[in-house]
Amino acid sequence: MTTLRDWLIDDSPASPMQARLGRFYRIFGALMHNPLAVVGAIIILVLVLTALFAPWIATHDPLRQALGERLLPPSAAHWMGTDELGRDIWSRVVYGARITLAIVTLVAVLAAPAGLVIGVAAGYFGGWVDRILMGITDIFLSLPKLILALAFVAALGPGIENAIIAIAITSWPGYARVARAETLTFKNSEFISAVRLLGASSLRVNLGHVLPLCTSSMIVRVTLDMAGIILTAAGLGFIGLGAQPPLPEWGAMISRGRSFILDQWWVATMPGFAIILVSLGFCFLGDGLRDVLDPKSGEQR
Amino acid sequence: MTALSLKNLDISYGDVQITHDVNLEIADGESFALVGESGSGKSTVLKAIAGLAPEWTGEINVFGKPRSHGIERAFSRQCQMVFQDPYGSLHPRKTVDATLGEALTIHGIGDRSARIEEVMASVGLDRKFRFRFPHQLSGGQRQRVAIARALMLKPKVLLLDEPTSALDVSVQAEILNLLKRLRQEQNLTFLMVTHNLPVVSFLCDRLAVMRQGRIVEVADVADLKRGDLKDPYSRELMHISAAHAN
Amino acid sequence: MNPLLEIENLRVTFPTPRGDLEVVRGLSFTLGRERLGIVGESGSGKSMTGRSILKLVRAPGRVTADRLTFDGIDLLTRSERQMRAIRGARISMVMQDPKFSLNPVMTIGEQIAEALLTHQRLPRREVNNRVFTMLESVRIADPERVAKLYPHEVSGGMGQRVMIAMMLIPEPDLLIADEPTSALDVSVQAQVLDIIDELVKRKGKGMGLIFISHDLNLVSSYCDRILVMNTGEVVEECKAGELMNATHPYTRGLIASIPRLDETRNELPVLDRSAWATK
Ligand SMILES: Nc1ncnc2c1ncn2[C@@H]1O[C@H](COP(=O)(O)OP(=O)(O)OP(=O)(O)O)[C@@H](O)[C@H]1O
Ligand SMILES: Nc1ncnc2c1ncn2[C@@H]1O[C@H](COP(=O)(O)OP(=O)(O)OP(=O)(O)O)[C@@H](O)[C@H]1O
Ligand SMILES: [Mg+2]
Ligand SMILES: [Mg+2]
């Protein structure tokens, strides 16, 4: 164990692989010194594990209705009680983790790279490329996210896939802005001039040298945004335009529990609690990442 | 043979003309210094030669061939530049190996590992630095990496923009010794911008003094050593430098 | 009269994966309204000393000291908010790297105007004029043009002069200047140093100056007193004029490696660390 650690923090790595792993190890170590980030990371880890092992963690079939067991309060048999169709809320929350995780991953996979490429292109080339790309970005940014997502879902039709697409469409502009700002700070650096002098093409300069510098602020931004994405997805679910019944999506679950909020509080509260917990987890982790990946202090690692 | 010749060079950024009628002839193997007022356009001249300041009129010839306004690969192999700031001229997320290897990849040159180790050895960098990130290097080591990167393509001309002004005197001495040695070993031509006249006296054969975008005097370093400069502004620079030294 | 700045046993520590690394080790000095030069090789802790006076050492770095008082104020017990007030108005620092200290996406003029407006209320028209006079005062010939440029569009020396101009706006009691003139030609350098000098010598209440530099010649002709630092410690302290007669082998090594205007050596001597290293 100590030998692995020594290998990782070796000041004179012997291969690019070791250098890169060493860097990750240092970032990881710094992250682990931040208690809130650790809490955040644990929450996210629990979310991922729950999603992966949902069938083993859930105590019931999340979709099976048992009308005889409607609206039971939390008990040993039903840890979080049951809903108006007699389904076990704990099992539904557990399976809901899969949907939440799918939403955040898909949005991250769709929106972040799109925003990154658009932002870097706008920042690096400047001039009319910048004006056109940023004009479009600004139009998107000037509209409230949820409303815009609503409009897209309304046009595409309700459903979880369309909700994901809508959220992705509404989140790339934020990433494009971040990437552009980063690119502007780096594109005039001497190290970029130096690669250009070696004869590198614009494509190579951008993909190989500018883009990697934007990724850390991107990771931070995406992580911090996750909370908002989960809430938007829940919001869409809540008003019936996101996940459709009987899918155990947390927002939709709250929406249905709303009618019983006074007498059967657990129906709406349990999924709400899950949403808050996961959002907080992403926020904590994002804050911690921001501290360790801050491009200015990041040079030290 | 002339390595570098500039004729009636006027360089502009947008509407603003920075240099006026710059003429220089630098022989193959010569070490030439460009000194002068801050903001007078010294770095701009280097950038125009390198292709980073493309708005110029006049003539730039490198080994007799006229220079275009952009950056071409063939030119990259002839002429490279070392920047002033060793902290800003290395990519913070790339190891020394990646920084040096980039040139080879761009030009499709094989034998990567051997070439990198050879150049590192020639600038006096130990092999153990090969996979370090810039933040794990001192200022002097970074500047060695920057010089090594410039040497990767075996150029004949090196443009040096204040290569030692961010370094302490002891590291400066190391880098100056290194540059002197490399020039002898590889028959390099230097065009170096600096504010430090003693550095000129140590490393260069001739110097040009610039002020407000114009060259006011070209002289031999022997003249500088004897205190024999003609132009009033060059004399002023020389006298202040001499006053500091004692 | 109390000295302006008193430092006793200042230490700056960084945790690293291999244990703590002390980069400033037990530094003590007092400063009046005078010019103190700090020299030493790269990595000797000069910038960290300057930053720790302003409590600007970034986490995870830690600063400790037995005493750190500025004009009777105990800086060690000040909160971050109180420090901000002091930093803005009474102690200024010109950072080593102007390119990193200036905002790359704001013009020079906008940045100076912003600095002006945080210190005083001025009508809009007045602001522009003040910006131009400030640029002129640091010998920038065409202020109208330069005010409209972005930091990467000004020359290295202009960036340094802009930083100095901005730091002198609040007329601080203490100026920490970290390599402020390394990219200036000697003539402009002399003029800029004169401006700083005027503030040090101004009537009523002069300014204290900590001048961090690599340029031993410059420091010995410009400052009153000099500290020579090596690996976080002061190895020698002397009157500025006497630097060239320094006795410590480290200082002598540094002096020997400076090229001369009438240089004849074919190779410059570099520091031989084994000669004086104690560890
Ligand atoms: N990208 C740019 N756009 C507009 N003006 C520029 C740009 N780059 C440089 N300039 C201007 O060109 C002039 C000369 O700059 P240059 O960097 O060549 O000066 P220098 O002689 O190297 O000075 P220093 O010794 O301070 O580095 C300056 O007035 C500067 O403002
Ligand atoms: N975040 C950090 N983590 C670990 N060590 C650090 C960190 N920041 C600085 N150091 C170390 O602190 C030491 C002192 O640095 P400092 O910047 O004060 O040197 P300096 O004397 O100003 O050098 P220079 O003349 O090159 O500016 C250096 O050895 C540096 O490696
Ligand atoms: Mg310059
Ligand atoms: Mg420093």
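Labelled according to an unreviewed UniProt entry, chain C appears under the name Peptide ABC transporter ATP-binding protein, originating from Ensifer adhaerens. Annotation of chain C in UniProt includes, under Sequence similarities (unreviewed entry), the sentence "Belongs to the ABC transporter superfamily."

Looking at an unreviewed UniProt entry, chain B carries the name ABC transporter, with the source organism given as Ensifer adhaerens. What UniProt states about chain B under its Sequence similarities (unreviewed entry) heading is, verbatim, "Belongs to the ABC transporter superfamily."

Asker: Got a sec to walk through the overall build of chain C? Specific residues and values, please.
Answerer: When helices and strands are tallied, chain C shows ten helices and eleven strands. A compact globule built from 279 residues would reach a C-alpha radius of gyration of about 19 Å, and chain C, at 19 Å, matches this within 12%. Dimensions of chain C, computed from the C-alpha atoms along their principal axes, are close to 60 × 50 × 45 Å. Each of the 279 residues in chain C was classed as buried or not, and the buried ones make up 53%. A sequence separation of at least 24 residues applies to 63% of the contacts in chain C between residues at least 6 apart. If you sum the accessible surface of chain C, you get close to 12,600 Å²; carbon and sulfur atoms cover 49% of it. Side-chain charges in chain C split into 36 positive and 36 negative, and the spacing between the mean points of these groups amounts to 5 Å.

Asker: Describe the interface of chain C and chain B, naming the residues involved and giving the relevant values.
Answerer: Listed per partner, the contact involves 37 residues of chain C and 39 residues of chain B. Taken together, the two surfaces of chain C and chain B that pack against each other cover about 3,100 Å², and 58% of this comes from carbon and sulfur. At the junction of chain C with chain B, the criterion picks out zero salt bridges. Taken together, the links from chain C to chain B amount to 13 residue pairs in polar contact (both at pLDDT 80 or more). Secondary structure elements with two or more residues in the side of chain C that touches chain B: helix 7 (156–168), helix 8 (186–200) and helix 9 (216–222) of chain C. Considering only residue class, the side of chain C that touches chain B consists of 15 nonpolar, twelve polar and ten charged.

Reading the values: the criteria
- Residues numbered from 1 in each chain as written.
- Chains lettered and ligands numbered in written order.
- Predicted model: local features only at pLDDT ≥ 70, side-chain atom pairs only at ≥ 80, totals over all residues.
- Heavy atoms only, no water.
- UniProt positions renumbered as here; feature names shortened; annotations may be inferred.
- Helix = DSSP H or I, 4+ residues; strand = E, 2+ residues; numbered from the N terminus.
- Rg over C-alpha atoms; globule rule 2.2 N^0.38 Å.
- Buried < 20%, exposed > 50% of the residue type's maximum accessible area, 1.4 Å probe, protein only.
- Contact = heavy atoms within 4.5 Å.
- Areas by Shrake-Rupley, 256 points an atom, 1.4 Å probe, with all protein chains shown as cover.
- Lys, Arg positive; Asp, Glu negative; His and termini not counted.
- Charge placed at Lys NZ, Arg CZ, Asp CG, Glu CD.
- Buried area = accessible area lost by both parts, 1.4 Å probe.
- Salt bridge = Lys/Arg side-chain N within 4 Å of Asp/Glu carboxyl O.
- Polar contact = N/O pair within 3.5 Å; in protein donor to acceptor, adjacent residues only side chain to side chain.
- Nonpolar A, V, L, I, M, F, W, Y, C, P; charged D, E, K, R; others polar.

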